Amino acid sequence: MSRTITFSEATLEAMQEEMRRDPTVFLMGEDIAKQGGIFGQFKGLPQEFGFDRVRDTPISEAALVGAGVGAALTGCRPVVDMHFADFITCAMDEVVNQAAKLRYMFGEQCTVPMTLRAPDGITKSAGSQHSQALEGWFVHTPGLEVVIPADAEDAKGLLKAAIRSDNPTLYFEHKALFPRKGAVPDEDDFVVPIGKAKTMRDGNDVAIVTYGITVGRAMEAAGVLEADGIDATVINLRTVWPLDFDAIVDAVARTHRMIVVHEAVRIGGIGAEIAAFVGEHCFDELDAPVVRLGAAHVPVPFAPVLQEAMYPKAEMIADAARRLVRKEI
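Owing to the predicted nature of the structure, the values given are computational and were not obtained by experimental measurement.

Asker: Any chance you could explain the environment of M19 here in plain terms?
Answerer: When you line up the elements, M19 lands in helix α1 (residues 7–21). For the pair M19 and R77, spaced 58 residues apart in the sequence, the C-alpha separation amounts to 9.7 Å. With sequence-adjacent residues up to four places away left out, M19 is seen in contact with V25, F26, F49, R53 and V54.

This is the structure in structure tokens:
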């Protein structure tokens, strides 16, 4: 059984369930208690749990994340809202030099069970400083887990898993997904395991490996390809670190062709890591080179026509798959 709710409602349910289950879970960020979050994802939480567990903070990301690290070290499970993922840049020392490293540096005598919620991605003319997808930076940093939901089901299950993890976890949630509706399993304790991908669609001609908002675009492309007689597998990674390498290997073994696509900038992105892994470990299975699709290596433009031109959409994914299958690449 399942229910249809929005992505935003799915994250709200996850917060409610985890805060009821574990009194050490609390939430803090800018404009989350009195305003309910800029996407409405926190509405009603202070009324149920009080302003001690749902805290508005000053506009200082460094102080906010630093407080989260301290709270996590002393036995709490803080959920820290970054307002926009771009603003993590103001707290890079706290994330990269402190949260990511403390468990290792202290020989696992401590843990940092902190979740950073980070709305990211390209939306209508949000500009260069409010539109980035920065997951590649944090995958490069040992000690962090990075999860990226694609729909309401992922949103709820991955957020619950992130809160329960004993590692600092970045939860990137695309701003354009908040109002979108989807089916969520109607289970007492639905959790999506960290590090496990989901096969959205099975096919034998080409594998499209992706995550986040681009999963929907890949599924749209797969539908177009089906009309052309091309059968695509679509893999929703869900977690970009740790990666589900088994799912990637299996997809290559079945299709012998792979496209990796994300909204983040193509250069130095997750797609590059996956392409390198496949080249090293699955070379004999490949009938063609791995194709990488991602955003252009430019800041996100404000002008709508330029913004729309810079990142991969369903049409581009389908075109790359056709050329790959027809040996035009």
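Asker: In this structure, what is going on with the sheet that holds strand β9 (residues 198–201)? I would like to understand it.
Answerer: Strand pairing in a sheet is mediated by backbone hydrogen bonds. Such pairs are either parallel or antiparallel. One open sheet accounts for five strands, arranged β9-β11-β10-β13-β14; its pairing is mixed. Of all the strands in the sheet, the pair left with one neighbour each is β9 and β14 (291–295). Neighbour-to-neighbour, the strand axes of this sheet turn through a mean angle of 25°, independent of strand direction. As judged from the three bridges shared by β9 and strand β11 (residues 232–236), these two strands associate in the antiparallel manner. Bridging from a neighbouring strand, R201 pairs with V234 of β11.

Asker: Which parts of the structure should I look at to understand helix α3 (residues 61–73)?
Answerer: Spacing of three or four residues puts side chains on the same side of an α-helix, whose turn is 3.6 residues. Taking 1.5 Å as the rise per residue, α3 with 13 residues should run 18 Å; its terminal C-alpha atoms sit 18 Å apart, in good agreement. All of the buried residues along α3 are E61, L64, V65, G68, V69, A71 and A72. Around the axis of α3, the buried residues are gathered within 165° of arc, so they sit on the same side. Of the surrounding secondary structure, the elements contacted by the buried residues of α3 are β2 (25–29), β4 (77–81), α4 (92–99), α5 (102–105) and β5 (115–120). The positive-phi residue at the C-terminal boundary of α3 is G75, with phi of around 110°.

Asker: Honestly, the packing of helix α9 (residues 245–255) against helix α10 (residues 270–281) in this entry has me stumped. Any pointers?
Answerer: When two helices pack together, their arrangement is given by the angle between the helix axes and by the axis-to-axis distance. Following both chains from N to C, one finds α9 and α10 inclined at 60°, their axes separated by 11 Å at the closest point. Comparing the axis directions of α9 and α10 gives the class oblique. Remark: the crossing between α9 and α10 carries right-handed chirality. Judged by residue contacts, F245, I248, V249 and V252 of α9 engage I274, F277 and V278 from α10. Per-class residue counts for the contact of α9 with α10 are seven nonpolar, no polar and no charged.

About the criteria used
Residues numbered from 1 in each chain as written. Predicted model: local features only at pLDDT ≥ 70, side-chain atom pairs only at ≥ 80, totals over all residues. Heavy atoms only, no water. Helix = DSSP H or I, 4+ residues; strand = E, 2+ residues; numbered from the N terminus. Contact = heavy atoms within 4.5 Å. Pairing = 2+ DSSP bridges. Axes fitted to C-alpha atoms, helices over the stretch in contact; angles between N-to-C directions. Expected span 1.5 Å × (residues − 1). Buried < 20%, exposed > 50% of the residue type's maximum accessible area, 1.4 Å probe, protein only. Arc of directions from axis to C-beta. Parallel < 35°, antiparallel > 145°, perpendicular 65-115°, else oblique. Left-handed = near helix turned anticlockwise from the far one by under 90°. Nonpolar A, V, L, I, M, F, W, Y, C, P; charged D, E, K, R; others polar.

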